[in-house]
Amino acid sequence: MIAMPKLTPEFWMARALTLARRGLYTTDPNPRVGCVLVKNRRLVGEGFHARAGEPHAEIHALNDAGSAAKGATAYVTLEPCSHQGRTGPCSQALIDAGVKRVVAAMQDPNPLVGGRGFAMLRKAGVEVECGLLEDEARALNPGFISRMSRSRPFVRLKMATSLDGRTAMRSGESQWITGSAARTEVQRLRARSSAVISGIESIIFDNSRLTVRADQLQLEDAEDIARRQPLRVVVDTQLRLPLAAACLREPGRTLVATCSRDGERRKRLEAAGAEILVLPSGHDGRVDLEALLAHLAKEEDANEVLLETGATLAGAMLDADLIDEIQLFMAPTLLGGEARPLFALPGVERMAQQRALDIEDIRAVGRDWRITARPLSTGVRRRAKVP
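On a predicted model such as this, the values are computed, not experimentally measured, just so you know.

**A short note on the overall build of the chain**
At step 1: Helix and strand counts for the chain come out as 13 helices and 18 strands.
At step 2: Whereas a compact globule of 387 residues would reach a radius of gyration of roughly 21 Å, the chain reaches 23 Å, a difference of no more than 12%.
At step 3: Across the 387 residues of the chain, 51% fall into the buried class.
At step 4: When contacts within the chain are restricted to residue pairs at least 6 apart in sequence, long-range pairs at least 24 apart make up 70% of them.

Structural data, given as structure tokens:
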């Protein structure tokens, strides 16, 4: 006999989290949220948030339940909203439907609104609990949490490397180190991101498009997912981006972050399709990456940012403690000592200066290995500037 699952609160919240994951690639800039309505230990309605501007998870669940929502318990992965945006407040919708109890995985991380949804519910006599499977809920929305609590996106670095830690030949040639399965995973990382950042050297050597390509996602709704292209960001201090760069001809936007005041070059790039963002510079005239991340959070509502670049920009971001997660795809191949390294880390000359990582996951992806790691902070914040 097949054992039936115990219909515990954890079971229902896990179902809500599963629903929320269905919006992994489409909800940006909103968080991924799922909701289930349970009455007399039976599921009476469920839903998830799919796109910004469309109904939230609670509304879909209420519509699914109809009159059965009265007296039900709502399990939702994020505190129901209490404000009028492009959609109405979900807390009021739950109250109007007669829901008697709300169990949320976590409070809204937005300090301006967090807790108000709960207060609205409690004032109306609805029982409220918070914290069930909170770690799982937070893991689903690292970018939204980061933008709301730190005023910057969650930065995920993706790199492909040989077994001897090399990312490209000395000439810059790098296609392809890893296999097709790893490249599919990279496409999915792009698809879930608000923006993809690369350095000018990588663009010049690889002529990268930095786009989500439906034919490589290998997902059922790939065409729909690829309609939302992440913002392409090129860090280019001296405005060296070629006018014929592939990223300028692709659907979506390309933002060039620079310190250059070259008006003529700027006009030519804008005519070619680029948007130019002039950022502050330090005494060495290099782009301030913290200012870039702050801009992406505030002006572009960027939640998750994928960093796809070479050793210089990767090293500068790591040196400044601006990388939250590393996705390293390692191929069973050797490129030799003359090939390009993973990171250029200035000032690292002794073992005491090494950068430690916390390995969170290692798994096979086709013939390659995918290592997920979290950089451990040095405790010393540096102003991040790169060429």
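**Some details on the side chain of Glu325**
At step 1: Here Glu325 lies in strand 14 (residues 325-330).
At step 2: On the basis of relative accessible area, Glu325 is assigned to the buried category, the value being 12%.
At step 3: Of the polar contacts made by the side chain of Glu325, one reaches the side chain of Gln327; its length is 2.9 Å.
At step 4: In contact with Glu325, other than residues within four places in its own chain, are Phe154, Val155, Arg156, Leu157, Thr372, Ala373 and Pro375.

**Quick word on the side chain of Arg213**
At step 1: Mapped onto the elements, Arg213 comes out in the loop between helix 8 (200-206) and helix 9 (214-217).
At step 2: Despite its burial, Arg213 pairs with no opposite charge, the nearest such side chain being Asp215 at 5.3 Å.
At step 3: There is a polar contact of 3.1 Å between the side chain of Arg213 and the side chain of Thr211.
At step 4: Beyond its immediate chain neighbours, meaning those up to four positions away, Arg213 contacts Gln187 and Arg190.

**Regarding the domain arrangement of the chain**
At step 1: Domain assignment breaks the chain into domain 1 (9-140) and domain 2 (152-375).
At step 2: For domain 1 versus domain 2, the distance between C-alpha centres works out to 34 Å.
At step 3: Contacts between the two partners involve nine residues from domain 1 and, on the opposite side, eleven residues from domain 2.
At step 4: For the pairing of domain 1 and domain 2, the buried interface totals around 890 Å² over both sides, and the portion due to carbon and sulfur atoms is 42%.
At step 5: Taken as a group, Tyr25, Asp28 and Pro29 account for 64% of the area that domain 1 buries against domain 2, more than any other trio of residues on that side.
At step 6: Inspection of the domain 1/domain 2 interface yields five residue pairs in polar contact (both at pLDDT 80 or more).

**Notes on the sheet that holds strand 9 (residues 231-235)**
At step 1: Taken in spatial order, the nine strands make up an open sheet running 11-10-9-8-13-6-14-17-16, and their pairing is mixed. Pairing within the sheet leaves two strands with one partner each, and these edge strands are strand 11 (274-278) and strand 16 (357-365). If you compare each strand with its neighbour and ignore which way they point, the axes differ by 25° on average.
At step 2: Where strand 8 (residues 195-199) lies against strand 13 (residues 304-308), three bridges are found, and the strand directions are parallel. Across the sheet, the residue bridging to Val196 is Leu306, located in strand 13.
At step 3: The strands touched by helix 12 (residues 289-300) within the sheet are strand 6 (154-161), strand 8, strand 9, strand 10 (254-258), strand 11 and strand 13, with strand 9 carrying the most contacts at an inclination of about 160°.

**A short note on helix 2 (residues 57-65)**
Within an α-helix, residues lying three or four positions from one another point in the same direction, as the helix has 3.6 residues per turn.
At step 1: Of the residues making up helix 2, those classed as buried are Ala57, Glu58, Ala61, Leu62 and Ala65. When helix 2 is viewed along its axis, its buried side chains cluster within an angular range of 130° and face the same direction.
At step 2: Here the buried face of helix 2 lies against strand 1 (34-39), strand 2 (42-48), strand 3 (73-76) and helix 3 (90-97).
At step 3: Gly66 lies just past helix 2 and shows a positive phi near 65°.

**Concerning helix 4 (residues 116-123)**
At step 1: Along helix 4, the residues that are buried comprise Gly117, Phe118 and Leu121. Axial view of helix 4: buried residues confined to an arc of 100°, hence all on one face. Away from its buried face, by an angle of more than 90 degrees, helix 4 presents the exposed residues Arg116 and Lys123.
At step 2: Buried residues in helix 4 make contact with helix 3, strand 4 (101-104) and strand 5 (127-130).

**Observations regarding the sheet that holds strand 3**
To summarise the sheet geometry, strands pair through backbone hydrogen bonds and adopt either a parallel or an antiparallel arrangement.
At step 1: A sheet is described by the order of its strands in space; here five strands give the open sequence 2-1-3-4-5, paired in mixed fashion. Because the sheet does not close on itself, it has two edges, and the strands there are strand 2 and strand 5. Within the sheet, the average angular offset between the axes of one strand and its neighbour, ignoring direction, is 15°.
At step 2: Bridge analysis of strand 3 against strand 4 gives four bridges, and the strand direction is parallel. Opposite Tyr75, over in strand 4, you have Val103 as the bridge partner.
At step 3: Its contacts with the sheet put helix 1 (residues 9-20) on strand 1, strand 2, strand 3 and strand 4, and the angle it makes with strand 1 is roughly 145°.
At step 4: Those strands touched by helix 4 are strand 4 and strand 5, and its axis lies near 150° from that of strand 5.

**Side note on the UniProt feature "binding site: Zn(2+)" (unreviewed entry) in the chain**
At step 1: Per the UniProt record, the feature "binding site: Zn(2+)" (unreviewed entry) sits at His56, Cys81 and Cys90. Judged by maximum C-alpha separation, these annotated positions cover 35 residues in sequence but sit close together in space, the widest gap being only 9.1 Å. Cross-referencing the annotated residues with the lining of the second largest cavity gives Cys81.
At step 2: In this structure, His56 sits in the loop between strand 2 and helix 2.
At step 3: A relative accessible area of 21% places His56 in the partly exposed class.
At step 4: On the secondary structure map, Cys81 appears in the loop between strand 3 and helix 3.
At step 5: Assessed through its relative accessible area of 12%, Cys81 is described here as buried.
At step 6: Here Cys81 is in contact with His56, Gly88, Pro89, Cys90 and Ser91, once residues within four sequence places are set aside.

Each value, and the rule that gives it
Residues numbered from 1 in each chain as written. Predicted model: local features only at pLDDT ≥ 70, side-chain atom pairs only at ≥ 80, totals over all residues. Heavy atoms only, no water. Helix = DSSP H or I, 4+ residues; strand = E, 2+ residues; numbered from the N terminus. Rg over C-alpha atoms; globule rule 2.2 N^0.38 Å. Buried < 20%, exposed > 50% of the residue type's maximum accessible area, 1.4 Å probe, protein only. Contact = heavy atoms within 4.5 Å. Polar contact = N/O pair within 3.5 Å; in protein donor to acceptor, adjacent residues only side chain to side chain. Lys, Arg positive; Asp, Glu negative; His and termini not counted. Salt bridge = Lys/Arg side-chain N within 4 Å of Asp/Glu carboxyl O. Domains from an automatic or database assignment. Buried area = accessible area lost by both parts, 1.4 Å probe. Pairing = 2+ DSSP bridges. Axes fitted to C-alpha atoms, helices over the stretch in contact; angles between N-to-C directions. Arc of directions from axis to C-beta. UniProt positions renumbered as here; feature names shortened; annotations may be inferred. 1 Å grid on protein atoms, 1.4 Å probe; cavity = no way out; pocket = protein on both sides within 12 Å on 5 of 7 lines; lining within 4 Å.

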